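Next come the chains, spelled out residue by residue.
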Amino acid sequence: MQVCAIGCGNVGFNTLKAFQIRGHSVFGVDISKAARGNVADSFGAHAVIDRLAELSGMDIVFICVPTDPDEVTGHADLSIMEEVVRGLSSLESRPAWRRHPPVIVQRSTCPPGSAARFSAEFEHTPYAVNPSFLSKATQWEDSDRPPRIAYAGPSEATEVLDEVYKEFTGAPRYVSTSYEAVELLKYIENSIDAVLISLWNEYLQLSDALGMQRRFFVELAREITSRDRFATTLRVPGGSFGKWCLPKDLSALLGMCADLGVAGHVLRGAQLTNQQMKDHGENLAATSELLALSGGRTVPTDTAATALLGGCQGVPGADGC
Ligand SMILES: NC(=O)c1ccc[n+]([C@@H]2O[C@H](COP(=O)([O-])OP(=O)(O)OC[C@H]3O[C@@H](n4cnc5c(N)ncnc54)[C@H](O)[C@@H]3O)[C@@H](O)[C@H]2O)c1
């Protein structure tokens, strides 16, 4: 198939690479010279598409542009998505597009309700939601072997995604007819991580305040996770959850809660504890010490750690998405 990404940063570029090694022809559109250069170096000069108008003939167009929070409101800023969707929908009247409309895929993280709104911009072009679940620190591994594959849309769209994703085996797969369910799934997964990171930071603060040695903290963490129901709840504390998707998506989720009249006390608490960590609690030395005591690997201090203790693999992720 002919697969294009609009926005060739972490998500777009790695998405293209994962499809290219599975035999698809890949193309990229980006406003950044560096990103276009990266596409040309990796996939050939012909893979760089300068204008949306040249997209006719594609089978799938993944939109992978930033959706960072608005600095004032904290809500996801969808202005770039809106601009791209407008640009794509203006191509619908072209004969080549009419003959073979590509599936437009919203891969950027957008609040529930976005896909319903964006898909309404198209008359006869199928629109799907297919968020990326990559962590920044393991972006290629997570693109080549996704930790989850989830998509939603009308059958004309999901059948094409079924086809291109059939070679990605082993990932839990969720295919829905509800755009909102898949959009919300992405925010829920990230906010569970955010809440757990803040929770374990509070446990570490408590343990330190009690004067407990860190090796006992590691012991009790092992003990807790030896019980099935808590087995996957552990995150290695010490660092805040960084500057990438967790704070961004938590902020957007809280914006949605506010709009919908949902209090979101637990989510707000995770955000407050994280702010406190950033202001004066950041203790990445504690992260390294805990990992060393647990026999886990030490993660670089610029990658705040989310890891399973007790001999399990360290999984960088506090800065991940
Ligand atoms: N980084 C992650 O770990 C991660 C994980 C999952 C989901 N996401 C989501 O994926 C989306 C993209 O994230 P990213 O990390 O790849 O961002 P990024 O900043 O690495 O890449 C975005 C790219 O889009 C380009 N771009 C901006 N405006 C454009 C336009 N009008 N037309 C074409 N290209 C344009 C930028 O130049 C940039 O190269 C965001 O919604 C993010 O929340 C990110």
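Residues numbered from 1 in each chain as written. Predicted model: local features only at pLDDT ≥ 70, side-chain atom pairs only at ≥ 80, totals over all residues. Heavy atoms only, no water.

A. Structural detail: the site of the ligand. In the vicinity of the ligand lie 25 residues, with Asn10, Val11, Asp30, Thr67 and Lys248 positioned nearest. Here an oxygen atom of the ligand sits 2.9 Å away from a polar atom, N or O, in the main chain of Val11. Within the contact set of the ligand, an oxygen atom lies 3.0 Å away from a backbone nitrogen or oxygen of Thr109. In isolation the ligand offers 830 Å² of accessible surface; the protein chains occlude 86% of this area. Secondary structure elements with two or more residues in the shell around the ligand: α1 (10-20), α3 (79-89) and α10 (245-260). (Near = heavy atom within 4 Å. Polar contact = N/O pair within 3.5 Å; in protein donor to acceptor, adjacent residues only side chain to side chain. Areas by Shrake-Rupley, 256 points an atom, 1.4 Å probe, with all protein chains shown as cover. Helix = DSSP H or I, 4+ residues; strand = E, 2+ residues; numbered from the N terminus.)

B. Geometry of the pairing of strand β6 (residues 149-152). Side chains Ile149 and Tyr151 project from β6 onto one buried face, and the interleaved Ala150 and Ala152 project onto a second face that is buried too. The pairing of β6 with strand β7 (residues 173-176) spans four bridges and is parallel. Counterpart to Ala152 in the pairing with β7 is Ser176. (Buried < 20%, exposed > 50% of the residue type's maximum accessible area, 1.4 Å probe, protein only. Pairing = 2+ DSSP bridges.)

C. How the structure looks around the packing of helix α8 (residues 179-209) against helix α9 (residues 214-225). Viewed as axis vectors pointing N to C, α8 and α9 meet at an angle of 140°, and their least axial separation amounts to 10 Å. By the angle between their directions, the pair α8 and α9 is classed as oblique. For the pair α8 and α9, the sense of crossing is right-handed. Each of Trp200, Tyr203, Leu204, Ser207 and Asp208 in α8 lies in contact with α9, whose residues at this interface are Arg214, Phe217, Ala221 and Ile224. (Axes fitted to C-alpha atoms, helices over the stretch in contact; angles between N-to-C directions. Parallel < 35°, antiparallel > 145°, perpendicular 65-115°, else oblique. Left-handed = near helix turned anticlockwise from the far one by under 90°. Contact = heavy atoms within 4.5 Å.)

D. Here's a closer look at the pairing of strand β1 (residues 2-6). For β1, the buried fraction is high: four of the five residues fall into the buried class. Sheet topology places β1 next to strand β2 (residues 25-29); five bridges connect them, and they run parallel. Paired with Ala5 across the strands is Gly28, a residue of β2. This β-α-β element, β1 to α1 to β2, shows right-handed connectivity. Inspection of the sheet shows β1 paired to strand β3 (residues 60-63) by four bridges, in the parallel sense. Following the sheet pairing, Ile6 is matched in β3 by Ile63. (Right-handed = clockwise from strand over helix to strand, strands pointing away.)

E. Structural detail: the nonpolar core. Grouped together as the largest cluster of nonpolar side chains are 44 residues, with contacts concentrated most on Leu55, Met81, Leu88 and Tyr127. The greatest single-element share of this core, amounting to seven residues, is contributed by α10. When we break this core down by domain, the ones giving at least three residues each are domain 1 (2-177) and domain 2 (187-294). By size, the runner-up hydrophobic cluster in this structure holds 28 residues, among which are Val3, Phe19, Phe62 and Val160. (Core = buried A, V, L, I, M, F, W, Y, C linked by side-chain atoms within 4.5 Å. Domains from an automatic or database assignment.)

F. Up close: the confidence of the model for the protein chain. Here the protein chain shows a mean pLDDT of 89. Residues at 70 or above account for 92%. Low pLDDT, under 50, characterises residues 298-319; the stretch is placed with 62 contacts to residues that sit more than four places away or in other chains. (pLDDT = per-residue confidence, 0-100.)

G. Region of interest: the environment of Thr177. Residue placement: Thr177 occurs in the loop between β7 and α8. Taking the C-alpha atoms as reference, Thr177 lies 29 Å from Pro95; in sequence the two are 82 residues apart.

H. Spotlight on the packing of aromatic side chains. The final tally for this structure, using the stated rule, is 10 aromatic pairs. Ring centres 5.5 Å apart and planes at 65° place the aromatic pair Phe19 and Phe168 in the edge-to-face group. Of this pair, Phe19 sits in helix α1 while Phe168 is found in the loop between α7 (155-165) and β7, placing the two residues 149 residues apart along the sequence. An identical accessibility class is assigned to Phe19 and Phe168; each is buried. Among the aromatic residues, those joined into a ring-pair cluster are Phe19, Phe62, Tyr151, Tyr165 and Phe168. (Phe/Tyr/Trp six-rings, centres within 6.5 Å; stacked < 30°, edge-to-face > 60°.)

I. Expanded view of the domain arrangement of the protein chain. Each domain of the protein chain was delimited in the assignment, giving domain 1 (2-177) and domain 2 (187-294). Each of domain 1 and domain 2 was reduced to a C-alpha centroid, and the two centroids are 31 Å apart. Taken together, the 13 residues of domain 1 in the interface contact 10 residues of domain 2. For the pair domain 1 and domain 2, the two sides together bury roughly 950 Å², of which 60% comes from carbon and sulfur. It is His75, Thr109 and Lys136 in domain 1 that bury the most area against domain 2; as a group they hold 42% of the surface buried on that side. For the interface between domain 1 and domain 2, the tally reads one salt bridge. Across the pair Arg148 and Glu189 runs a salt bridge whose closest N-O atoms are separated by 2.6 Å. (Buried area = accessible area lost by both parts, 1.4 Å probe. Salt bridge = Lys/Arg side-chain N within 4 Å of Asp/Glu carboxyl O.)

J. View of the side chain of Thr125. By the secondary structure assignment, Thr125 is in the loop between α5 (114-119) and β5 (127-129). For Thr125, a relative accessible area of 8% puts it in the buried group. A polar side-chain atom of Thr125 sits 2.7 Å from a polar atom in the side chain of Glu92. Among the polar contacts made by the side chain of Thr125, one reaches the side chain of Trp97 at a distance of 3.0 Å. Excluding anything up to four places from it in sequence, Thr125 contacts Glu92, Trp97, Pro101, Pro102 and Ile104.

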